[in-house]
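Structural overview
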Amino acid sequence: MATKTKHASPAKRLPKLPAERLSSPPDQKFACRDCPARCCRLPWNIRFGSDEARRYLEEPWVRERVGEEGALVIARGVLPMREEDGRLQCVFLDDDLLCSMQKQFGHEYIPRSCQAFPFGFVRDEKDVVVAQLSQLCPSIRDNYGEPVDGQLRAKLEQRGDTERMSKALATLSGVILPQPQYLRAVKHWDDQLAAGGSPAATLARLYDWTTAFERALPPGAERAADASIDAALALASAEEPAPLAPRKAPSFYARVLFAHLLGNLCYPSRVRQAHRVGEASWTQLHALRSAWNKGAWVLGRGTVDMLFVPRPFKLQRVRTVDRFLDGDEGAVVRDYLRLVLQRRHIFSSPRHLLAAVLDLSLATVVISRFARCRAAADGRVKVSLEDVREGISVAELVLLSHAALSEQSRLMKNLRWLLLTKRESFRALLATEA
Ligand code: SF4
């Protein structure tokens, strides 16, 4: 297969940034090749800065390519997309699956986030810049190409910025935990995931452990002394864990979650985005079909056509596919959750400590449900490793890497808060895939 160079870094470019300590997963490789431009053909908002928007709007070639409609989208700082073969794709993508903007003006002209993809960067508690390598990219996910170590500096320069971990997170009762304190809880989570077992069962225990830890902190205090943290950690670990019994059918909130996140990956919901340009799909028919899609997910009945699944499938078939989180494929999910903790992006927006456990839990049920859907579409009763890896790609897209919390819908915000504060609903969600 011909090698692609769409996201290749300029060969002689020298890093201008001061020396930083950089880190990436050991033995990780990357090369943009053998891939049908997956990252340019996804239903996501690819954002860029106002300086880039201005530059594009001043360029006649760009204006001609995107038209009036596309120029309005660019003015909002988003790459316009058009529908092609039932998917959204960047308006600058050519039929040869290479970027026309790069061909016209060179690699340094395209948006910084495109230049740097699949790399992002977060500065951790030791001031090390940790590479965030999106598992959406097949090269990262399947680990082929050149060692990433030699590419980090150029990618960091292309990206132009790093995110920072929150200096503090709050408990649900409002106690502020500075970074060194909340990282002690995170260490416990990581140890528990490393110990093995079903990630669903482990996360149910971690929810109980974290709420017990928070309850054991001195009531009414805005901050806790390190001695109080020691005592609260010991008390939480002394509690007897409650086993998680699997549910036969998805809980109501699991259905709502699937309808919202996985339903949005189904046609035509996935092409009904505000940054879509070109022939309108905003017809009554598409709106109705999109609503029907969501209804099918809530009911668990009906045929859907989902992204990354090779053919449409009946949702009722998914229940014939075995659950897998306590088997070998579950270990792949566990390793991914540990990677999410280690890359620290999950702690880059200030919020509640328990929200990180919730994020890992949402990702786990989405990966599991997606993998079972993909197996069902293939007529299998067991998931394969490829099903699980694609599920991880989906979790990256809709939850843990590319979905900005600030852009979440009201429904998702309410659902998250409800799951965060209602233990039985939280456990029922995990029990859906346990
Ligand atoms: S998904 Fe990865 S390999 Fe595919 S085009 Fe994008 S950067 Fe290249």
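Further up the page is the structure itself.
Residues numbered from 1 in each chain as written. Predicted model: local features only at pLDDT ≥ 70, side-chain atom pairs only at ≥ 80, totals over all residues.

1. Some points on the sheet that holds strand β1 (residues 22–23)
To summarise the sheet geometry, strands pair through backbone hydrogen bonds and adopt either a parallel or an antiparallel arrangement. What the four strands build is an open sheet, ordered β1-β6-β5-β8; its pairing is mixed. Two strands lie at the open edges of the sheet, namely β1 and β8 (163–164), each paired on one side alone. Of the pairings in the sheet, the one linking strand β5 (residues 119–123) to β8 comprises two bridges and is parallel in character. The partner of R123 across the bridge, within β8, is R164. (Pairing = 2+ DSSP bridges. Helix = DSSP H or I, 4+ residues; strand = E, 2+ residues; numbered from the N terminus.)

2. As for the site of the ligand
Taken together, 12 residues form the shell around the ligand, and within it C32, C35, R38, C39 and C137 come nearest. Classifying every residue of the shell around the ligand by side-chain character gives eight nonpolar, two polar and two charged. (Near = placed C-beta within 6 Å. Nonpolar A, V, L, I, M, F, W, Y, C, P; charged D, E, K, R; others polar.)

3. Some thoughts on the nonpolar core
Among the nonpolar cores identified, the biggest contains 114 residues, and V366, I367, A395 and L430 are the most heavily contacted of them. Of all the elements, helix α13 (residues 353–377) adds the most residues to this core, at 18 residues. The residues contacting I367, other than those within four sequence positions of it, are V333, V388, G391, I392 and A395. (Core = buried A, V, L, I, M, F, W, Y, C linked by C-beta atoms within 7 Å. Buried ≥ 20, exposed ≤ 12 C-beta atoms within 10 Å, placed from the backbone. Contact = placed C-beta atoms within 7 Å.)

4. Section: the sheet that holds strand β4 (residues 87–90)
The three strands are arranged β4-β3-β11 in an open sheet whose pairing can be described as mixed. A strand with exactly one partner marks an edge of an open sheet, and here the two such strands are β4 and β11 (276–277).

5. A closer look at helix α7 (residues 179–194)
In this model α7 runs 22 Å from its N-terminal to its C-terminal C-alpha over 16 residues, within 8% of the 22 Å that 1.5 Å per residue would give. What α7 keeps buried is the set Q181, Y182, A185, V186, W189 and L193. Seen end-on, α7 carries its buried residues on one side only, within an arc spanning 145°. Residues of α7 that are exposed and angled more than 90 degrees away from the buried face: P180, K187, D191 and A194. Directly beyond the C-terminal end of α7, a positive phi value near 100° is found at G196. (Expected span 1.5 Å × (residues − 1). Arc of directions from axis to C-beta.)

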